[in-house]
Amino acid sequence: EPEVTQTPSHQVTQMGQEVILRCVPISNHLYFYWYRQILGQKVEFLVSFYNNEISEKSEIFDDQFSVERPDGSNFTLKIRSTKLEDSAMYFCASKFGRGNEQYFGPGTRLTVT
Amino acid sequence: GENVEQHPSTLSVQEGDSAVIKCTYSDSASNYFPWYKQELGKRPQLIIDIRSNVGEKKDQRIAVTLNKTAKHFSLHITETQPEDSAVYFCAASETNFGNEKLTFGTGTRLTIIP
């Protein structure tokens, strides 16, 4: 069964550094999402992406965050200048169409020191 | 925006007993309600979902009920087994317009006592 994949599984970075989290959604999916989960807390929506543009973003997704779909397979989340509070598990998700199930990737644990 | 409340935050049941987790939502436009199971360090995995045109859905030992009037939905697990131990998240989404983002509840840590 096709799966969403994410790399790296764990990223450690220093405060102020830029990080890029990578996702490969399921190949025929059209809707893409990033969520984050701070340790022990609930999963929170960050941003949705459809038809090569952001369709919605949360208040967490400020100017330090950006997303790209640079080619037909990858979907990336960039944090320009990381802060301690960006430490979390970041999940990518994708789905085929309206009303369909969202499939989650295994996550990238980001640790900002 | 949507707000999803989930209770209880922790739940321990004896193996073989039933477990019930309850969620409420605030946005009457929400019409899709999935439940995800998350084992430690792993991705959330969909275990069952329900849409607003249905009041109940069952899949083997798992069932979900929805009360649109009261804006609450519940997960029922019968004949619990040790492998049911995990964190369960409910979520709500609106699928007619917009981007269909999921708004999650705060999670329930379910422990099955052998």
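Just so it is clear, the structure is predicted and the values come from calculations on it, not from any experiment. (Residues numbered from 1 in each chain as written. Chains lettered and ligands numbered in written order. Predicted model: local features only at pLDDT ≥ 70, side-chain atom pairs only at ≥ 80, totals over all residues. Heavy atoms only, no water.)

Topic: the overall build of chain B
Here's step 1: On a plain count of helices and strands, chain B comes out with zero helices and 11 strands.
Here's step 2: Scanning chain B from its N terminus toward the C terminus, one meets helices and strands in the order β-β-β-β-β-β-β-β-β-β-β.
Here's step 3: Counting only C-alpha atoms, chain B reaches 45 × 30 × 20 Å along its principal axes.
Here's step 4: Residue burial in chain B is summarised as follows: out of 114 residues, 47% are buried.
Here's step 5: Here chain B carries 12 positive and 14 negative side-chain charges, and the mean point of each set is 3 Å from the other. (Helix = DSSP H or I, 4+ residues; strand = E, 2+ residues; numbered from the N terminus. Buried < 20%, exposed > 50% of the residue type's maximum accessible area, 1.4 Å probe, protein only. Lys, Arg positive; Asp, Glu negative; His and termini not counted. Charge placed at Lys NZ, Arg CZ, Asp CG, Glu CD.)

Things to note about the interface of chain A and chain B
Here's step 1: Taken together, the contact pairs 22 residues of chain A with 20 residues of chain B.
Here's step 2: Summed over both sides, the interface between chain A and chain B buries roughly 1,900 Å², with carbon and sulfur atoms accounting for 47% of that surface.
Here's step 3: The largest share of the area that chain A buries against chain B comes from A:Lys42, A:Arg98 and A:Phe104, three residues that together contribute 30% of it.
Here's step 4: Across the pair B:Arg43 and A:Glu3 runs a salt bridge, and its minimum N-O distance is 3.7 Å.
Here's step 5: Of all the elements in the fold, those that place two or more residues in the side of chain A that touches chain B are strand 4 (31-37), strand 5 (43-50), strand 6 (53-57) and strand 9 (88-95) of chain A. (Contact = heavy atoms within 4.5 Å. Buried area = accessible area lost by both parts, 1.4 Å probe. Salt bridge = Lys/Arg side-chain N within 4 Å of Asp/Glu carboxyl O.)

Quick word on the state of the cysteines
Residues and elements named next belong to chain A.
Here's step 1: Applying the stated criterion across every chain yields a total of two disulfides over all chains.
Here's step 2: Note that Cys-23 is cross-linked by a disulfide to Cys-92, the S-S spacing being 2.0 Å. Classification of the bridge connecting Cys-23 and Cys-92 rests on its S-S torsion, roughly -60°, and on that basis the disulfide is left-handed. Remark: Cys-92 occurs in strand 9 and Cys-23 occurs in strand 3 (residues 19-24); sequence separation between them is 69 residues. Accessibility assignment for this pair places Cys-23 and Cys-92 in one class, buried. (Disulfide = S-S within 2.5 Å.)

Quick word on the nonpolar core
Here's step 1: One finds B:Trp35, B:Phe73, B:Leu75 and B:Leu110 to be the most contacted residues of the largest nonpolar core, which totals 23 residues.
Here's step 2: Elements supplying a minimum of two residues to this core: strand 2 (10-14), strand 3 (19-25), strand 4 (32-38), strand 5 (45-51), strand 7 (62-67), strand 8 (72-77), strand 9 (86-92) and strand 11 (108-113) of chain B.
Here's step 3: The residues touching B:Leu75, leaving out its near neighbours within four places in the chain, are B:Ala19, B:Val20, B:Ile21, B:Trp35, B:Ile47, B:Ile48, B:Ile62, B:Ala63 and B:Tyr88.
Here's step 4: The next biggest cluster of nonpolar side chains, apart from the first, holds 22 residues, and it includes A:Phe32, A:Trp34, A:Phe75 and A:Val112. (Core = buried A, V, L, I, M, F, W, Y, C linked by side-chain atoms within 4.5 Å.)

A short note on the sheet that holds strand 3 of chain B
All names here are of chain B.
Here's step 1: Pairing is antiparallel in the open sheet, where five strands are placed in the order 1-3-8-7-6. Strands at the two margins of the open sheet, each flanked by one partner only, are strand 1 (4-7) and strand 6 (56-59). Across the sheet, the axes of successive neighbouring strands diverge by a mean angle of 15°, strand direction being ignored.
Here's step 2: As paired strands, strand 1 and strand 3 are joined by four bridges and run antiparallel to one another. Counted as the bridge partner of His-7 is Lys-22 from strand 3. (Pairing = 2+ DSSP bridges. Axes fitted to C-alpha atoms, helices over the stretch in contact; angles between N-to-C directions.)

Any functional reading would require information beyond the geometric quantities listed.
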